[in-house]
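The primary structure of each chain is shown beneath.
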Amino acid sequence: MKQAERLNVYKTYKLFVGGKFPRSESGRVYEVTDSKGNWLANAPLSSRKDARDAVVAARKAFGGWSGTTAYNRGQILYRVAEMLEGRRDQFTAEVAAGEGLSKSKAAAQVDAAVDRWVWYAGWSDKVAQIAGSANPVAGPYFNLSVPEPTGVVAVLAPQESSFLGLVSVIAPVIVTGNTVVVLTSEKSPLPALSLGEVLATSDVPGGVVNILSGKVSEVAPHLAAHMDVNAIDLAGADAEESARLQVAAADNLKRVLRPSATDWTAEPGTDRLLAFLETKTVWHPIGV
Amino acid sequence: MPTVPAYSSGAAVRLAEMADVTGSDSALRRFLHGLPGVDAVGIEARAATLGTRSIKTTAKAYAIDLAISMIDLTTLEGADTPGKVRALCAKGISPDPTDATTPKVAAICVYPDMVPVAKAALGASGIKVASVATAFPSGRAGMPVKLADTAEAVAAGADEIDMVIDRGAFLSGRYLEVFEEIKAVKAACHREPGPDGTGGPAHLKVIFETGELSTYDNVRRASWLAMLAGADFIKTSTGKVAVNATPPVTLLMLEAVRDFHATTGVQVGVKPAGGIRTTKDAIKYLVMVNETLGDRWLSADWFRFGASSLLNDLLMQRHKLSTGRYSGPDYVTVD
Amino acid sequence: MAMDKQTFEYAPAPESRAVVDIAPAYGLYIDGEFTDAADGKVFKTISPASEEVLSEVAQAGPEDVDRAVKAARKAFEKWSALPGSERAKYLFRIARILQERSRELAVLESLDNGKPIRESRDFDLPTAAAHFFYYAGWADKLQYAGFGPAPRPIGAAGQVIPWNFPLMMLAWKIAPALATGNTVVLKPAETTPLSALFFADICRQAGLPKGVVNILTGDGSTGAELVSHPGVDKVAFTGSTEVGKAIARAVAGTGKKLSLELGGKAANIVFDDAPVDQAVEGIVNGIFFNQGHVCCAGSRLLVQESVADEVLDSLKRRMSTLRVGDPLDKNTDIGAINSAEQLGRIRALTEAGEAEGADRWSPECELPSNGFWFRPTVFTGVTQAHRIAREEIFGPVLSVLTFRTPAEAVEKANNTPYGLSAGIWTEKGSRILWTADKLRAGVVWANTFNKFDPSSPFGGYKESGYGREGGRHGLEAYLATAAEPSNERSERESERDR
């Protein structure tokens, strides 16, 4: 008798919050399909309470993460690249299905994403040297400006580039010591949700990266208005949403990175790296 | 706590109450090193700001006369002679022969061997005779020599002794040695009052040579050390080294005097010396006294200028205020 | 003269008013000309020390704003195309003229603002001139500033500044904007319009091309009109957090670049090993400098409990020597409160402090009968829950809180929506660095306070705003980054098209 074809084990995709993999507190999911409309998985449909929990986790992680040495953060980001490299095939398949790309094009996206982690990892102990300064004030004072992480950053990941784009908006935020709550591409959340599994095994402390899937229209307004979020990257918002979210972000004067047309395959430059830094200037007299 | 002058017997009682900090070398060191630090830039900025006070018209007239009355008119040269000292005394008694309203100076400051000359020249003018002592200006001599130096000046009738501390001992951390030295000199200042009640102990001014102590922290420590040992005045400088009195150093000593008074109730005087040549400078010092210690210190009993050329500048400014014209060096006397 | 015991009373030492000639009326400075407001509206500016009317100035309305923005946009074409070295020379000229006319401007500033002449003379004017000198030098070196090989200006900047340092705030706004090739429409505060109008005359003397700097006087409605004008490409605002938020909402979705320098409630932390006398000076300078009308004022004193009594005794003794009175007297330490409105706010908050149970103390001092005055005031027994510990008073009022451990000091210092500045007083170097690292504030003064320099970036964390003024960092607010629009190309192209 012919042996029955083995049935695949599907993965239940979950959120990644505080280093754990919860379902949405709302109990809701939404259907994720490939570019042809075939069912791929059910993704959690995050609620405002999930956003709230993610912000709490990110705030809790901020002190520790921002307090680690730059060298250590660089190593951890590099570790993410190492872990990702080992799961290249999985992400290639997810990106191909989600974005409707050929296997080779999807693989190129994943490779670029791995390389992007490496690129940003190297920035950890250099950014202070390009963003800081020793200031020659006209008086007997030592005066130094250093960049510091802004705090908890909400990120609306790009809608189209579900993985390379995602990595390109997370890595620059966390490498400088911020913690992040990221809302994935609405349509293609699966690579992002899988990234949580990579982060969980890469020495990234729980809560540094928190990944939510769901609707911009439902979750983003709560992130933009949240008084304990310090900054927001609107990469994944359209023009109309962006304007509305900027209004909400003014409630506690979040630093806002507005959406702009971006080629995610190009070398990113330092804009995103510098957008979520505060400059602290310290004075001290010089005298005996 | 009522205020007692440093030279009174009451002060000795108050100092005895502080004996726990001066009882041993280690206790004294712990105490001095436990004093609050001094931020150099901060104290210099404060002194500079006080230096921008604009003292005009009636306030200036008051300040000029006050400054004249606080001068320890000084000659401390190898070339000093009785004639030079007598001339200086005459100038001190009558700084401006053309204007009898001009106040007298506070004291004439000389070397010990010139004390008898000065004493005789000043007579009953009320001007004090101050003598430097203790191997001035370096202080590099053995204790017997320093005490003999002091005793000679006291015996000759000096009203005030300006001693120098052993900066070498201070800088090498032998604080108790410096403390004992000051106490010994203070003892040597003792003199029984005459039958008319005058001529009691000579008042002791302790010179730190702040230019050699080099740091503000050292100046604060030296100030406390000297006051604990019984100094009646603390004085910045000998006038014989590169860096003499500066406004921030003097301000720091005024603050130390203020804090010492708050702690013990003992009132100690301050004397900046060396490098104060102009009315403008002198007024800056008076402003510092006024805003740090207040009225109670604004008299020759508690603040002095160790100076020589300052007097003529004050006199010229005094002319300007009274006549409205600028004066010139030919209109003040050169002694 | 008899040396009877007297007190050393300082005779009045007034700076001469004759060095400044204030016209009875001023118009708006648009496109190099002074003109009346389109609707003819005017308002009076008074001296807060005497309530004397100093002059009457135009109240700019929407039409005037439109005209000024158009002038700035027109001027932008040529100004942004000038070689940086030429722009630099204009800025150097302005810096020099500011120095030459500094006495006149210092007197003017003290008259219109109420601040002591000692501060306008020794701080506001030198700092304003230095700011122009600093940014003048950047104008032809922008390609080395770290913003890419060919950094581009943004366009016409709408700038709204406060009344606490009128001319210095103007310099902080205009110098970097012009150096980077932008043009500006600046609105000075309603209560302190005069030094900006005198600055217009300096632009004339410097031969600055018309339209590069436009000055619109007016109230909050003028400012609101300016920042929402569609022809403005860049908005810079210094003022209250409340207005800053309103502006952030107004520019949402417009693509206008925004920098904000807003309120603060700085903690000045005094540890038990502080250099006490200098700490006391720092506390006094921190809160009583400029009548406490300073966004980065050290308005919350956090003092370690073990030295609290000693520090407070010293502080009160020192406060007793503060001289409150005529701003033009060279010996005045604390001048007039800038306006009746501000005085009302200070009074309301101090009354709330008393009502909430904090202990209020002020030294004895006589206050003039006319004008707006407030005694230097300290509140002890304040807790984090008191309004006077949370809200920006913007006046000479210090709230004193205590702490037991360094961690508690930092926790309390950071427990505020603001994050502009902070102070640390300790003789221990490692404690300074630890504390400075933990404080969430844009400027940390260790063993000093309220120090400013054009080369030193200034600006806040959290609700104290975003962007930095001063230093290389200060250029960023006036340069288009790769992702941001610059008017430059389109203007040039439109020029070619014509």
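What comes next is a walk through the structure. One numbering rule holds for all chains: residues counted from 1, following each sequence as written. Throughout, the order in which chains and ligands are written sets their labels, letters from A for the former and numbers from 1 for the latter. For a predicted model such as this one, the threshold for reporting local features is a pLDDT of at least 70, and the threshold for listing and counting side-chain atom pairs is 80 or more; totals across whole chains, interfaces and linings nevertheless cover every residue. Computation of side-chain values covers all heavy atoms of the structure but excludes hydrogens and water.

Now for the pattern of salt bridges. Salt bridge, as used here: a side-chain nitrogen of Lys or Arg that lies within 4 Å of a carboxyl oxygen of Asp or Glu. A complete count under the given rule lists 61 salt bridges over all chains for this structure. The residue arginine 258 of chain B makes a salt bridge to aspartate 259 of chain B at a minimum N-O spacing of 3.0 Å. Linking lysine 412 of chain C and glutamate 408 of chain C is a salt bridge whose minimum nitrogen-to-oxygen distance equals 3.1 Å. Of this pair, lysine 412 of chain C and glutamate 408 of chain C both sit in helix α13 (residues 406-414), separated by four residues, roughly a single helical turn. Runs of H or I in DSSP of at least four residues are treated as helices and runs of E of at least two as strands, each being numbered from the N terminus.

Before going further, it helps to examine the interface of chain C and chain A. Throughout, a contact is declared for two residues whenever any of their heavy atoms are within 4.5 Å. Of the residues lining the interface, 45 residues belong to chain C; the matching set on chain A comes to 38 residues. Carbon and sulfur atoms make up 51% of the surface buried where chain C meets chain A, a total of about 3,000 Å² over both sides. There are two salt bridges connecting chain C and chain A. Here glutamate 278 of chain A ties to arginine 468 of chain C by a salt bridge, and the two come within 3.5 Å at their closest N and O atoms. Two N or O atoms form a polar contact when they lie within 3.5 Å of each other; inside protein one atom must be a possible hydrogen donor and the other a possible acceptor, and for residues adjacent in sequence the pair counts only when both atoms belong to side chains. Remark: the boundary between chain C and chain A carries 27 residue pairs in polar contact (both at pLDDT 80 or more). In terms of residue count, helix α8 (residues 241-251) of chain C provides more of the side of chain C that touches chain A than any other element does, six residues in total. Alignment of strand β10 (residues 277-285) of chain A against strand β18 (residues 443-446) of chain C, held across three bridges, turns out to be parallel. Residue pairing in the sheet places threonine 281 of chain A in a bridge with valine 443 of chain C of β18 of chain C. Once two parts are brought into contact, the accessible area they lose, counted with a 1.4 Å probe and summed over both, makes up the buried area. Strands pair, by our definition, only if DSSP identifies at least two bridges between them.

All right, on to the pairing of strand β7 (residues 156-160) of chain C then. Residues and elements named next belong to chain C. Note on classification: 1.4 Å probe, protein chains only; a residue is buried when its accessible area is under 20% of the maximum for its type, exposed when over 50%, partly exposed between these limits. Across the five residues that make up β7, a large majority, five, are buried. Of the two faces of β7, the one holding Ala156, Gly158 and Val160 and the one holding Ala157 and Gln159 are both buried throughout. Here five bridges tie β7 to strand β8 (residues 183-187), and the two strands are oriented parallel to one another. What sits directly across from alanine 157, in β8, is valine 184.

Our next topic: the sheet that holds β18 of chain C. Strand order in the open sheet formed by 10 strands is β3(A)-β4(A)-β10(A)-β18(C)-β17(C)-β12(C)-β13(C)-β16(C)-β15(C)-β14(C), with mixed pairing between adjacent strands. Of all strands in the sheet, those with a lone pairing partner are β3 (133-134) of chain A together with β14 (359-361) of chain C, marking the two edges. Between N-to-C directions, angles span 0 to 180 degrees; the directions come from axes that are lines fitted to C-alpha atoms, helices contributing only their stretch in contact. Lying on the sheet, helix α14 (residues 429-438) of chain C is in contact with β4 (141-149) and β10 of chain A together with β12 (267-270), β17 (421-425) and β18 of chain C; it crosses β10 of chain A at an angle near 155°.

Once that is clear, we can look at the packing of aromatic side chains. Aromatic rings from Phe, Tyr and Trp, taking only the six-membered ring of Trp, are treated as a pair when their centres fall within 6.5 Å; an angle between ring planes under 30 degrees marks them as stacked, one over 60 as edge-to-face, and anything in between as tilted. Going through the model one piece at a time under the given rule, you end up with 32 aromatic pairs over all chains. Ring centres of tryptophan 172 of chain C and phenylalanine 452 of chain C lie 6.2 Å apart, and the angle between their planes is 55°; this geometry places the pair in the tilted category. Within this pair, whereas tryptophan 172 of chain C is found in helix α5 (residues 166-179), its partner phenylalanine 452 of chain C is found in the loop between β18 and β19 (465-466), the two being separated by 280 residues in sequence. Neither residue differs from the other here; tryptophan 172 of chain C and phenylalanine 452 of chain C are each classed as buried. An aromatic cluster of at least three residues, connected via ring pairs, comprises Phe123, Phe165, Trp172, Phe289, Trp445, Phe449, Phe452 and Phe458 of chain C. Our definition puts a charge over a ring when NZ of Lys or CZ of Arg is within 6 Å of the ring centre and also within 35 degrees of the ring normal. The cationic tip of lysine 320 of chain B hangs over the ring face of tyrosine 326 of chain B; the distance from NZ or CZ to the ring centre is 5.0 Å. Of note, arginine 431 of chain C hangs over the ring of phenylalanine 271 of chain C, and the distance from its end group to the ring centre comes to 5.3 Å.

All names here are of chain A. Secondary-structure assignment places proline 221 in helix α8 (residues 216-225). Sequence separation between proline 221 and glutamate 278 is 57 residues; the distance between their C-alpha atoms is 24 Å. For proline 221, the residues in contact, after removing those within four places along its chain, are Val216 and Leu245.

This paragraph deals with the interface of chain A and chain B. Taken residue by residue, the interface counts six residues in chain A and four residues in chain B. Our count for the contact surface shared by chain A and chain B stands at zero salt bridges. In this structure, the connection of chain A to chain B is made through zero residue pairs in polar contact (both at pLDDT 80 or more). Here the term charged refers only to Asp, Glu, Lys and Arg, the term nonpolar to Ala, Val, Leu, Ile, Met, Phe, Trp, Tyr, Cys and Pro, and the term polar to all other amino acids, Gly among them. Per-class residue counts for the side of chain A that touches chain B are five nonpolar, one polar and no charged.

Moving on to the sheet that holds strand β9 (residues 269-271) of chain B. Residues and elements named next belong to chain B. Read from one edge to the other, the open sheet built from eight strands follows the order β9-β7-β6-β5-β4-β3-β2-β10, with strand pairing classed as parallel. The open sheet has two edge strands with one neighbour each: β9 and β10 (305-307). When strand polarity is set aside, the average angle formed by the axes of neighbouring strands in this sheet is 25°. The pairing of strand β2 (residues 71-74) with β10 spans three bridges and is parallel. Directly across from isoleucine 71, in β10, lies its bridge partner phenylalanine 305. On the sheet, helix α13 (residues 247-264) packs against β7 (233-235) and β9 and is oriented at approximately 170° with respect to β9.

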